[in-house]
Amino acid sequence: MLLRNSTLFQIKLTRFINLKKNYKSSMEGKQPFDFILVLDFEATCEKNIKLQPQEIIEFPILKINTKNFAIDDVFHQYVQPTTNKQLSKFCTELTGITQDMINGKPNITECLNVVDEWIKSKNDLKLDAENNPINFIFLTCGDWDLKTMLPSQCKYFNINYSNYFKNWINIKKSFAQMTGHFPKGMPDMLKMLNLTLDGRHHSGIDDCKNIAKIAREMASRGFIFEKT
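Read on for an overview of the structure. Predicted model only: the values in this text are computed from it and were never measured.

This part is about the environment of T66. Along the chain, the position of T66 falls in the loop between strand 3 (56-65) and strand 4 (70-78). Note: C-alpha distance between T66 and A215 (149 residues apart in sequence) is 9.7 Å. Beyond its immediate stretch of four places on either side in the chain, T66 contacts Q31, F33, D34, F35 and I36. For T66, the side chain forms a polar contact with the main-chain oxygen of F33, separated by 2.6 Å. Within the structure, T66 has its side chain in polar contact with the backbone oxygen of D34 (distance 3.0 Å).

Our focus in this paragraph is the nonpolar core. Across soluble globular proteins, nonpolar side chains have a tendency to be buried as a group. Membership of the largest hydrophobic core comes to 28 residues, with the highest contact counts inside it found for I36, V38, L139, I171, I214, M218 and F225. When residues of this core are traced back to their parent elements, those giving at least two are strand 1 (35-39), strand 3, strand 5 (136-140), helix 6 (171-179), helix 7 (186-192) and helix 8 (204-220). Residues in contact with V38, not counting those within four places in the same chain, are P60, I61, L62, I64, L139, C208, I211 and A212. Of all hydrophobic cores here, the second largest spans 27 residues; its members include L37, I61, C111 and I119.

Residue P53 is bonded to the preceding Q52 through a cis peptide linkage, with omega at 0°. Relative to the assigned elements, P53 resides in the loop between strand 2 (42-43) and strand 3. Located in the positive-phi region is N48, a residue other than glycine, with phi close to 65°. Take N48: it is sitting in the loop between strand 2 and strand 3. Of note, N131 is a non-glycine position whose phi angle comes to about 65°, a positive value. Along the chain, N131 turns up in the loop between helix 4 (108-120) and strand 5. For N131, a relative accessible area of 18% corresponds to the buried category.

So, about helix 4. Taking 1.5 Å per residue as the helical rise, helix 4 with its 13 residues ought to reach 18 Å, and the 18 Å between its terminal C-alpha atoms agrees with that figure. The set of residues buried in helix 4 consists of I108, C111, L112, V115, D116, W118 and I119. Down the axis of helix 4, the smallest arc covering the buried residues is 160°, so these residues share one side. Looking at the buried side of helix 4, the elements it contacts are strand 1, strand 3, strand 4, strand 5 and helix 5 (144-157). The N-capping residue of helix 4, defined by a side-chain oxygen 3.1 Å from the backbone nitrogen of T109, is N107.

Here we come to the pattern of salt bridges. For the structure on display, the rule yields eight salt bridges. For K173, the salt bridge is made with D143, and the minimal N-O distance between the two is 3.2 Å. You can see K173 sitting in helix 6 and its partner D143 sitting in the loop between strand 5 and helix 5, a full 30 residues away along the chain. K173 sits in the partly exposed class, given a relative accessible area of 32%. Here K213 and D198 are joined by a salt bridge, their closest N and O atoms 2.7 Å apart. With a gap of 15 residues between them, K213 in helix 8 and D198 in the loop between helix 7 and helix 8 connect regions that are remote in the sequence. Members of the salt-bridge network, linked through shared partners, are K63, D72 and D124.

When strand 3 meets strand 4, the two strands line up antiparallel, connected through eight bridges. Bridging across to strand 4, N65 finds its partner in A70. Here strand 3 folds back onto strand 4, and the loop between the two strands holds four residues, one of which, F69, carries a positive phi near 60°.

Right, let's talk about the packing of aromatic side chains for a bit. Counted under the stated rule, the structure contains ten aromatic pairs. Between the aromatic rings of F75 and W118, the centroid separation amounts to 5.7 Å while the plane-to-plane angle is 50°, which identifies the pairing as tilted. Residue F75 is located in strand 4, and its partner W118 is located in helix 4; the two are separated by 43 residues in the primary sequence. We note that F75, like W118, is buried. Seen from the ring of F35, K63 lies directly overhead, with NZ or CZ sitting 4.5 Å from the centre. Against the face of Y161 rests K166, its NZ or CZ located 5.1 Å from the ring centre.

Rules used throughout
- Residues numbered from 1 in each chain as written.
- Predicted model: local features only at pLDDT ≥ 70, side-chain atom pairs only at ≥ 80, totals over all residues.
- Heavy atoms only, no water.
- Helix = DSSP H or I, 4+ residues; strand = E, 2+ residues; numbered from the N terminus.
- Contact = heavy atoms within 4.5 Å.
- Polar contact = N/O pair within 3.5 Å; in protein donor to acceptor, adjacent residues only side chain to side chain.
- Core = buried A, V, L, I, M, F, W, Y, C linked by side-chain atoms within 4.5 Å.
- Buried < 20%, exposed > 50% of the residue type's maximum accessible area, 1.4 Å probe, protein only.
- Expected span 1.5 Å × (residues − 1).
- Arc of directions from axis to C-beta.
- Salt bridge = Lys/Arg side-chain N within 4 Å of Asp/Glu carboxyl O.
- Pairing = 2+ DSSP bridges.
- Phe/Tyr/Trp six-rings, centres within 6.5 Å; stacked < 30°, edge-to-face > 60°.
- Lys NZ or Arg CZ within 6 Å of the ring centre and 35° of its normal.

Honestly, that's just the spatial picture; any functional story needs more than this.
Right, here's the structure in full:
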């Protein structure tokens, strides 16, 4: 079974490498969104224990211009949890986020207000009257960030959050559409694309940069990103 799985993976990898030969040259495909906002939360955690509630402690966003997949702008905010205020040793070792980095920082309600101000300060990010995005969409590595983490925390604290967080691209699903291989995570995609993992894995801002690099490489091979 192990040999069979390895052979199937090699077939998928060879097929994927050959995709580059068949696609148009860099960035020629017209993307349906003018901008992609890459997001990757880090949250409170403990080894072998499910925290209730789990709370966002790092809130990074990269604004990507889909004309060239360059980073246009960056939002980055550490967030102070309100229930489990003391970070566990496990959480700090995993994320690199220390207690000093979150002490005195905005709570999640304040952070969401700052994010909203940041998005609305960008004249090229268009919203309709109900805060639905017109020409941009969020992109995450998995569905956890916007399907689970943000909604569950906002429900627990009775916080309303904007409609622009309610649609997104899961790049893992996009990657599977392109290659026929559903990746285990970001490092898996980087490896298949022959890209390096820069910075620290599970640092939200570094993960965003690596995810953006994956998206750029996929776009350079002709992939068109759609809502997943």
